Amino acid sequence: MRKRRRLHVLCEDALQQRFVERLADRWGIGPRQRKVDASPRARGSAAQYVLERYVDAVRQWRAESHDANVGLLVVVDGDEHGVARRRQQLAQKLKESKQEPIAPSDPVAIIVPTWHIETWIDWLCGHRPIDEQTRYKEDDEDGRTVARKIEHGEYSPQRAIGAWAPPATDEEAHVPSLADARGEVRRLGV
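Only a predicted model underlies this, so the values are computations on that prediction, with no experimental measurement involved.

Definitions and cut-offs
- Residues numbered from 1 in each chain as written.
- Predicted model: local features only at pLDDT ≥ 70, side-chain atom pairs only at ≥ 80, totals over all residues.
- Heavy atoms only, no water.
- Helix = DSSP H or I, 4+ residues; strand = E, 2+ residues; numbered from the N terminus.
- Buried < 20%, exposed > 50% of the residue type's maximum accessible area, 1.4 Å probe, protein only.
- Polar contact = N/O pair within 3.5 Å; in protein donor to acceptor, adjacent residues only side chain to side chain.
- Contact = heavy atoms within 4.5 Å.
- Core = buried A, V, L, I, M, F, W, Y, C linked by side-chain atoms within 4.5 Å.
- Phe/Tyr/Trp six-rings, centres within 6.5 Å; stacked < 30°, edge-to-face > 60°.
- Salt bridge = Lys/Arg side-chain N within 4 Å of Asp/Glu carboxyl O.
- Expected span 1.5 Å × (residues − 1).
- Bend = angle between axes of the 7 residues up to and from the residue.

1. Overview of the side chain of Thr114
Its location among the elements puts Thr114 in the loop between strand S4 (108–111) and helix H4 (117–124). You can call Thr114 buried: its relative accessible area is 6%. A distance of 3.0 Å separates a polar atom in the side chain of Thr114 from the backbone oxygen of Val112. Here Thr114 is in contact with Gly78, Asp79, Gly82, Val83, Thr119, Trp120, Glu132 and Ser177, once residues within four sequence places are set aside.

Encoded structure:
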């Protein structure tokens, strides 16, 4: 009999949390098998929260890493930094705290929605055109349209995860951070 997978999650906000929870449901990792640490609302930079909590999240995962069925999923928006820079920032946090780096074989996935999670939700819900340089939030015309669709439930994490597979053929050209994340989550054995 296969042992149940457990997942520790560190993420920025409620929207990322709902996205990850729907993804975990898809993988068969139910609410009792996951522990989520999301930034409290209105407490400064959510990306900073993830950067500051990362070392503790890795320590907690390592305390349970004797169990191969336990993984860690970290979600941090790329914003203007992008995937590689965010991963470098997290690796630097481990180095500064004198922690061993994450090994390629460790069930630790770092996914970096760029510009932010709204970009992925929009793409998976069929919004076109889309790119990773545009902020799909209230501060620009396209962003307001998309933000309203998310707010009113037309675009949602649940609908986005329903479209998770198979990936669109042009996904890597438009949302390379999402294409990267698909490979990254394989580290979790899902």
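2. Let's talk about the nonpolar core
Side chains of a nonpolar character, in soluble globular proteins, are inclined to be buried together. Within the largest apolar cluster, 34 residues are counted, with the highest numbers of intra-cluster contacts made by Leu7, Phe19, Leu73 and Ile121. With six residues, the top contributor of residues to this core is helix H1 (residues 14–27). In contact with Leu73, other than residues within four places in its own chain, are Leu7, His8, Val9, Leu10, Val20, Ala109, Ile111, Val185 and Leu188. The next biggest cluster of nonpolar side chains, apart from the first, holds 20 residues, and it includes Val50, Tyr54, Val108 and Ile110.

3. Considerations on the packing of aromatic side chains
Counting across every chain of the model gives two aromatic pairs. Measuring from ring centre to ring centre gives 6.0 Å for Phe19 and Trp120, while their planes differ by 55 degrees; the resulting arrangement is tilted. With a gap of 101 residues between them, Phe19 in helix H1 and Trp120 in helix H4 connect regions that are remote in the sequence. Both residues of the pair, Phe19 and Trp120, count as buried. Here the aromatic rings of Phe19 and Trp164 are separated by 6.3 Å at their centres, their planes lie at 65 degrees, and the arrangement is edge-to-face. Taken together, the residues span a long stretch of sequence, with Phe19 in helix H1 and Trp164 in the loop between helix H6 (157–162) and helix H7 (171–174) at a distance of 145 residues. Grouping residues by exposure puts Phe19 and Trp164 together as buried.

4. Some details on the pattern of salt bridges
For the structure shown, the criterion picks out twelve salt bridges. The salt bridge involving Asp67 is made with Arg6; its shortest N-O contact spans 3.1 Å. In this pair, Asp67 is assigned in the loop between helix H2 (46–63) and strand S3 (70–75) and Arg6 in strand S1 (residues 6–11), connecting sequence segments 61 residues apart. Judged by relative accessible area, which is 11%, Asp67 ranks as buried. On the accessibility criterion, Arg6 (32% relative accessible area) is partly exposed. Here Glu171 makes a salt bridge to Arg182, at a shortest N to O gap of 2.7 Å.

5. Some words on H2
Owing to its 3.6 residues per turn, the α-helix aligns residues three or four sequence positions apart on the same side. Between its terminal C-alpha atoms H2 stretches 25 Å, which fits the 26 Å expected from 18 residues at 1.5 Å a residue. The largest bend along H2 reaches roughly 45 degrees and is located at Arg53. Buried residues along H2 sit against S1, strand S2 (34–38), S3, helix H3 (82–96) and S4. N-capping of H2 is provided by Ser45, with a side-chain oxygen placed 3.5 Å from the backbone N of Ala47.

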